[in-house]
Amino acid sequence: MANIYVAGYDGSTAGRRAVDYAVARAEAAGAELLVAHVLEWSPYSFLTPEEIAERHKRRTEELKRAESAVTGPLAADLSGRGVKISTEIRYGHVAETLCEIAKEHGALQIFIGRTGHSTVVERLFGSVAGTLAQIAPVPCTIVP
Amino acid sequence: MKHIRETRIAASAAGLSLLAGTAGAQTLDETINATFASATGWFVNFIFAPFPGTSFPWIVAWLVVAASVFTLYFGFIQFRVIRHSIQLVKGDFSDPNDAGEVSHFQALATALSGTVGLGNIAGVAVAVGIGGPGATFWMILAGLLGMASKFTECTLGVKYRNEYEDGTVSGGPMYYITKGFAERGKPGGKVLAALFAVFCILGSFGGGNMFQANQAHQQLSGVLGEYPGWITGVVFAIIVFIVIVGGIKSIAQVTEKVVPFMAILYCGTALIIILMNIGNIGWAFGQIFAGAFTDMGIAGGAVGALIQGFKRAAFSNEAGVGSAAIAHSAVRTKEPITEGFVSLLEPFIDTVVICTMTALVIIFTQQLIVDPETGRYVMDEATGRIATIDGNSGVGLTSAAFASAFSWFPYLLVIAVVLFAFSTMISWSYYGLKAWTYLFGEGKTQELIFKLLFCFFVIVGAAASLGPVIDFSDAAIFAMAVVNIIGLYVLMPIVKREVESYLGRLRSGEIRKFA
């Protein structure tokens, strides 16, 4: 099986730094890169009856938007690089879902960016990068 | 935004002119009350007509017989699959590729927030206040049986929903009665479905709206001091208007998030009060069982307790009414029956757990006055209710019971009641809207007319007195059950086929956990 690295990408500049760093590492190691975009979602959140009725429609729209605004442009931008790049869009808890993706593909490493500033909320509940550092099943690189 | 603002100004101007026009001999509240009672009396009398020569309303028998028939027909399904139901809610059987779609938990939580409300707080107090502690026994029994009705209707709700090209769904009794009857080659599906839709609209104005506004006002005026009901009505109507017409979802979202925590807090406090009075446990359960089977001095004796218990359970958990089928029908699942399994938890949580908590607190804190010599309950002749320590009834009785242990509780209860009332209104505005668009077609104008009517009834409900409002609310909701249950009887063989097929595949291991 080819070496696979997973990079989490949310469309932000910090995310982009992580992807660029991951591309460079993958290039050097001759690995493939899987860029994962996770849409935050909990099956235990509460919805109004109207949101429930429209959920399937919204989900389809959200996936389309993620593809056209986040993963699509990134893949196009990186297409000239000497690394095989694939993308994946999923719903779930961001850190947990990245770990699942890494496990499913037998990835060797996870790359994730961080914003660098620590808000009160993040101090209380932890950031994605912080959680990932704690629960990742494989080595995890946090790119500042 | 401009459009919204203009409509709001127009609405408040109309409210002012209404106020100015009736500043005569009668207050506005009295006028609304009298008009309302005379307009709805015949309907209420028909729905609650007793069997000839008895005081037993036929509608209560209708619901309980149906719940018992479904319980027997599906072989006590509510007890056989409850473990599997919990696994489904936890997501053990959900395909991870469906993440982002409505989960079983979400459908259950939303349907619950439509049912957990004043029925659990005020309705139970009404039942125990008229029917005595014995009503609790019948209420729990009705809740357990009702699980089978809910299971049947929600399975059908998912199976026969309409899925539109844009990805939205519409489901509920209107759809399963029309499609299911056609599938089974039975006539009359369209007429029944239309009739259901009419009653659903009335129910959304009654129990799903006016009763909520009415009890919310009673709570607010109890804490803030007496003031005219229409004021609460107008404030509520404006907030409901902002959410359902203005499309400001954030208010509804906040409520949906707070309501479950309020429910947990409410049950937790109830448990603490029960523990504080644990010495009364033997006496309390003695009263519940004695009241359920013997004459304890209440109006109608043990039968009176039974009627009250069954009535309030049905009103609270809405099993057999068909409303939950509308909320549950949007779940993404390949097996409609799984939504039925999940939905049967609803009457359990709503009635067997939450309603019982309220009843136990009222009984444990000894709010109802017992004649020390005869051991029978003392009747308040003027109201036909059992006399209570402070003369409270409805939500006031629940509030007094909780306040006897925690003096601050009435304030918390006000917040809970207002939030529950609000979330129930939002849910019912959706149920009513679905029925409305089923009858009059989908379209912005049709929707707006319904929504404006809905807001108008908020004001009527807050201004009218409890008696006529509660009668009409019950009558409209039970009328839905008349039609829905006819539909369920005709379609239950379809559900049976689904159950047998699913449980067979579950046993053989064809259906497996994803986790």
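Look a little higher up for the structure.
Only a predicted model underlies this, so the values are computations on that prediction, with no experimental measurement involved.

Rules used throughout
- Residues numbered from 1 in each chain as written.
- Chains lettered and ligands numbered in written order.
- Predicted model: local features only at pLDDT ≥ 70, side-chain atom pairs only at ≥ 80, totals over all residues.
- Heavy atoms only, no water.
- Axes fitted to C-alpha atoms, helices over the stretch in contact; angles between N-to-C directions.
- Helix = DSSP H or I, 4+ residues; strand = E, 2+ residues; numbered from the N terminus.
- Parallel < 35°, antiparallel > 145°, perpendicular 65-115°, else oblique.
- Left-handed = near helix turned anticlockwise from the far one by under 90°.
- Contact = heavy atoms within 4.5 Å.
- Buried < 20%, exposed > 50% of the residue type's maximum accessible area, 1.4 Å probe, protein only.
- Pairing = 2+ DSSP bridges.
- Right-handed = clockwise from strand over helix to strand, strands pointing away.
- Salt bridge = Lys/Arg side-chain N within 4 Å of Asp/Glu carboxyl O.
- Disulfide = S-S within 2.5 Å.

**Student:** What is the right way to look at the packing of helix α3 (residues 58–73) of chain B against helix α14 (residues 301–317) of chain B in this model?
**Tutor:** When two helices pack together, their arrangement is given by the angle between their axes and by how far apart the axes lie. All names here are of chain B. Between α3 and α14, the shortest axis-to-axis distance is 10 Å and the interhelical angle comes to 65°. What the angle tells us is that α3 and α14 run roughly perpendicular. The two elements α3 and α14 cross, and the hand of that crossing is left-handed. Mapping the contact onto sequence places Val60, Leu63 and Val64 in α3 and Ile307, Phe310, Lys311 and Ala314 in α14.

**Student:** Is there a simple way to explain the pairing of strand β2 (residues 32–40) of chain A in this structure?
**Tutor:** Each regular strand carries side chains that alternate between the two faces of the sheet. Residue and element names in this part refer to chain A. Of all 9 residues in β2, 7 are buried, a share of seventy percent or more. Sheet topology places strand β1 (residues 4–8) next to β2; 5 bridges connect them, and they run parallel. Looking at β2, one finds that Tyr5 is bridged to Leu33. Considered for its hand, the β-α-β crossover made up of β1, helix α1 (residues 13–29) and β2 is right-handed. Following the backbone out of β2, through helix α2 (residues 49–78) and into the adjacent parallel strand β3 (residues 85–92), one traces a crossover that is right-handed.

**Student:** I would appreciate a short explanation of the pairing of strand β4 (residues 109–113) of chain A in the present structure.
**Tutor:** All names here are of chain A. A large share of β4 lies buried, amounting to 5 of its 5 residues. Residues Gln109, Phe111 and Gly113 point to one face of β4 and Ile110 and Ile112 to the other, with burial holding for every one of them. The pairing of β1 with β4 spans 3 bridges and is parallel. Each bridged residue has a counterpart across the sheet, and for Val6 the counterpart in β4 is Ile110.

**Student:** Whenever I open this one, the sheet that holds β3(A) confuses me. Can you help?
**Tutor:** Strands in a sheet are paired, the pairing made by backbone hydrogen bonds, and the direction either parallel or antiparallel. All names here are of chain A. Strand order across the open sheet formed by 5 strands is β3-β2-β1-β4-β5, with parallel pairing between neighbours. The strands lining the two open edges of the sheet, one partner per strand, are β3 and β5 (140–143). Recorded for the sheet is a direction-independent mean angle of 25° between the axes of neighbouring strands. Contacting β1, β2, β3 and β4, helix α3 (residues 94–105) crosses the sheet at an angle of about 135° to β3. Its contacts with the sheet put helix α5 (residues 128–135) on β4 and β5, and the angle it makes with β4 is roughly 160°.

**Student:** Explain the environment of Gly188(B) to me, please; I cannot follow it from the model alone.
**Tutor:** Along the chain, Gly188(B) falls in the loop between α9 (173–184) and α10 (189–224). With 50 residues separating them along the chain, Gly188(B) and Trp138(B) place their C-alpha atoms 34 Å apart.

**Student:** Looking at this structure, how should I read the pattern of salt bridges?
**Tutor:** Oppositely charged side chains are able to pair whenever their charged atoms sit close together. Residue and element names in this part refer to chain A. What the rule picks out here adds up to 20 salt bridges over all chains. Residue Glu62 pairs with Arg55 through a salt bridge whose shortest N-O separation is 3.0 Å. Here Glu62 falls in the partly exposed class, since its relative accessible area comes to 21%. A residue is classified by how much of its surface remains accessible, and Arg55, at 9% relative accessible area, is buried. Here Glu88 and Arg90 are joined by a salt bridge, their closest N and O atoms 2.7 Å apart.

**Student:** What is the right way to read helix α5 (residues 82–90) of chain B from this model?
**Tutor:** In an α-helix, one full turn covers 3.6 residues, which means residues spaced three or four apart are oriented alike. Turning to α5(B), its buried residues number three or more, namely His84(B), Ser85(B), Gln87(B), Leu88(B) and Val89(B). Positive phi appears at Gly91(B), one or two residues downstream of α5(B), with a value of about 95°.

**Student:** Can you walk me through the state of the cysteines in this structure?
**Tutor:** Structurally, a disulfide amounts to a covalent bond that connects the sulfur atoms of two cysteines. All names here are of chain B. In total, this model carries 0 disulfides over all chains according to the counting rule given. In this structure Cys154 is a free cysteine whose sulfur lies 13 Å from that of Cys200, the closest cysteine sulfur available. By relative accessible area, which is 0% here, Cys154 ends up buried. Given the relative accessible area of 0%, Cys200 is considered buried.

Fair warning: the whole summary comes from geometry, so function is off the table for now.
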